[in-house]
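The lines below spell out each chain.
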Amino acid sequence: MRGRDAFSNYHPLVNFLYFCLIFGFSMFFTHPVCLLISLFCALCLNIKLTGAAALKGLFCFSLPALVAISLINPAFNHQGTVILCYLPSGNPLTLESILYGLSAGTMLVCVLTWFSCFNEVITSDKFIYLFGRIIPIMSLLLSMALSFVPKFKAQFEQVKQARSCLVGRDVTNGSLLKRLGFAVSCFSIMVTKSLEGAIETADSMKSRGYGLPKRSAFSVYIISKRDKFALLWLFFCAIFVLCGSLSGCLFWRYFPSIRGVLIRPATIATYIVYFALCITPSIIDIVEEIKWKYLHSKI
Amino acid sequence: MKKLFALLLALLFCVAPICGCNLSNSLPASLGDSIELPESGVVAAHVFEEMKRENKIVRFYAVSNGIHYEWTVFGSDIESPKDLNLGIQITSVSPNDIVFSFISKENFGFSPVLSITLNETWNAQSATVYKIADDVQTPIGGADTVIKDKCILNFSPPFQVGSLEIRAKSENDAPSQTTSPTAPNSKGTGTKDKYNTDPVPEGKPKPVEPDDINVNKKIKHTCTFSIECSSIINNLSDLDPNKLDVLPPNGVLFAPQTVEFYEGESLYDLLVRVCRENGIQMEAVWTPIYNSAYVEGINNLYEFDCGSGSGWMYCVNGWYPNYGCSRYKLCENDNIAWRYTCNLGKDIGGASAVGE
């Protein structure tokens, strides 16, 4: 079990419910304040979980993607009432289309960052624990698929190093054509290896009787008082935010003209609860750290 | 633990009632109910006040002399709410002519669209509105016809006192360089051209390919140009609710006026220029198979916004060309109207252009 952050030590149900809510809200709320809240909390948690890798991902992928989307959208979308100038095609460039592009980009970055947190918190053993009984084949397949990319990356590095050590056939050596050949053969090795790995995993799980009706699985997860409290908190926040959104407190539209609610009392209340929901894991971590340091200092 | 739970519940109950309140001052426009006018025709000020506050679009209807009429009032258009008499008295109806007078003794202070549903279809695209005062008729504007089960006359009277007469504009009145006004909608004979266009009826201008045109900026001509979307007023329930905000309260985006164009320009060139000069949003896409631009939306009112058969069409001297607007070469004194259709042109008399 990962002991790096306190939120991961909660019951898998709490973790999974939290991410379900966050994915749902982040994907459906186009209100700019909600997007900013979600982005801020996602970055906080991601930095807490992965450290420098999160920042690298942010600057190397997320920000360029955000800029690209907000530039591409106005090139194809000409709706909007505020005309800034005219494009060479004769169609107008509108303020609304730029802002819509920005919001779509932010939403994409948000959801990707949340998924990277999801991968850190919901490890494959938690996933199998949650869904192993209900949908055994699907959950095994999903957990294998979800861990495929990180595993592939790690193994690729291994193969690359082994090849460069043993025979000097590395992508940094030789002419362009040779290097291309090395890369292709390295990739082919990887495909073979992962296919074989998948079959081996399936065989091994089968031989252990995975998915048989009467077989139980060992797990160390128990729902404690702390988990019950967390579940209650998640339900409270979800119902509050859902009520707020359904009653039109988070109404926002971009086309044809930007209209929405920004500072109504109910809207502000919804922002606060939404922020509380999003920041929950980071707060749990910080509180736990403070507690630990406090106890440490007492010894 | 119990204490915290109680605190949370208390918070939930405290904040929940606030969720229902409406404090925003930038409410988007919404479609209100249809209200039948009382016998006297008077609508109280508080009705208008509520419409203004909630930015509602409300239709008031009544029947006079066996003819149904309807006012479409935009809440955003009302400046100072007051008691108003919206009733009209239709005095005479004959084919291609209708006379009525307003019961109101004062102007409304805003200009809603009056839609009169005629019992017989008029054989005209548009009509002229005359003001009758001391037996003298002065033309004050035009009315557009929309066919939806029955023929509807749409126009926005600039004042709401006195008597008006609406007379159908016969096709002969329109300035036209075509020689024979006979059978305007009959199809010519022959096969489709290479851009999939049916033969143009006899006497109507043939399409001119945009590649063959040389614009001569030294020679200027004039023509009449207008953009209107009154058919949406008659199909408000089909309109995308988000687009209610961009719908003009009088149904007219660009009132008919004389504009200049250069020798050799196509109708599309003129539309682009008029929209730019007047700050009207317009989106068009070049369609190679028809060798023309296709106008998707004007003023954020797009194709398919008001039902699956909706979009923009153009009409020149009462005829809807069956080819794209980039292939229509402008002529001196053309009367050009861009009109929004909600039913593939059938409602605005342009069904022939889409091959029906």
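Residues numbered from 1 in each chain as written. Chains lettered and ligands numbered in written order. Predicted model: local features only at pLDDT ≥ 70, side-chain atom pairs only at ≥ 80, totals over all residues. Heavy atoms only, no water.

Next up on the list: the sheet that holds strand S19 (residues 335–341) of chain B. Residues and elements named next belong to chain B. Taking strand neighbours across the sheet as the criterion, the four strands line up as S14-S13-S19-S18 in an open arrangement whose pairing is mixed. In this open sheet, the two edge strands, each paired with only one partner strand, are strand S14 (252–263) and strand S18 (311–316). Strand-to-strand twist of the sheet, defined as the mean angle between neighbouring strand axes without regard to direction, takes the value 25 degrees. Of the pairings in the sheet, the one linking strand S13 (residues 216–228) to S14 comprises nine bridges and is antiparallel in character. Across the sheet, the residue bridging to Phe-225 is Gln-257, located in S14. (Pairing = 2+ DSSP bridges. Helix = DSSP H or I, 4+ residues; strand = E, 2+ residues; numbered from the N terminus. Axes fitted to C-alpha atoms, helices over the stretch in contact; angles between N-to-C directions.)

Residue and element names in this part refer to chain A. Between helix H9 (residues 225–246) and helix H10 (residues 265–298), the least distance of the axes is 9 Å, while the angle of their chain directions is 145 degrees. The crossing of H9 and H10 is left-handed. Contacts between H9 and H10 pair Trp-233, Leu-234, Cys-237, Phe-240, Val-241 and Gly-244 from the former with Ala-269, Thr-270, Val-273, Tyr-274, Ala-276, Leu-277 and Thr-280 from the latter. Across the contact of H9 with H10, the residue classes break down as ten nonpolar, three polar and no charged. (Left-handed = near helix turned anticlockwise from the far one by under 90°. Contact = heavy atoms within 4.5 Å. Nonpolar A, V, L, I, M, F, W, Y, C, P; charged D, E, K, R; others polar.)

With that settled, the discussion passes to unusual backbone geometry. Residue Pro-256 of chain A is reached from Phe-255 of chain A by a cis peptide bond, and omega for that bond is 0 degrees. Positionally, Pro-256 of chain A belongs in the loop between strand S3 (252–253) and strand S4 (259–260). One non-glycine residue, Asn-333 of chain B, lies in the positive phi region at around 65 degrees. Mapped onto the fold, Asn-333 of chain B is located in the loop between S18 and S19. What makes Asn-333 of chain B partly exposed here is its relative accessible area of 44%. (Buried < 20%, exposed > 50% of the residue type's maximum accessible area, 1.4 Å probe, protein only.)

Right, let's talk about the pattern of salt bridges for a bit. Within the structure shown, the criterion is met by 14 salt bridges over all chains. Note that Glu-165 of chain B is salt-bridged to Arg-167 of chain B, the shortest N-O span being 3.4 Å. The class for Glu-165 of chain B is buried, based on a relative accessible area of 7%. Each of Arg-253 and Arg-259 of chain A together with Asp-245 of chain B takes part in a single network of salt bridges with overlapping partners. (Salt bridge = Lys/Arg side-chain N within 4 Å of Asp/Glu carboxyl O.)

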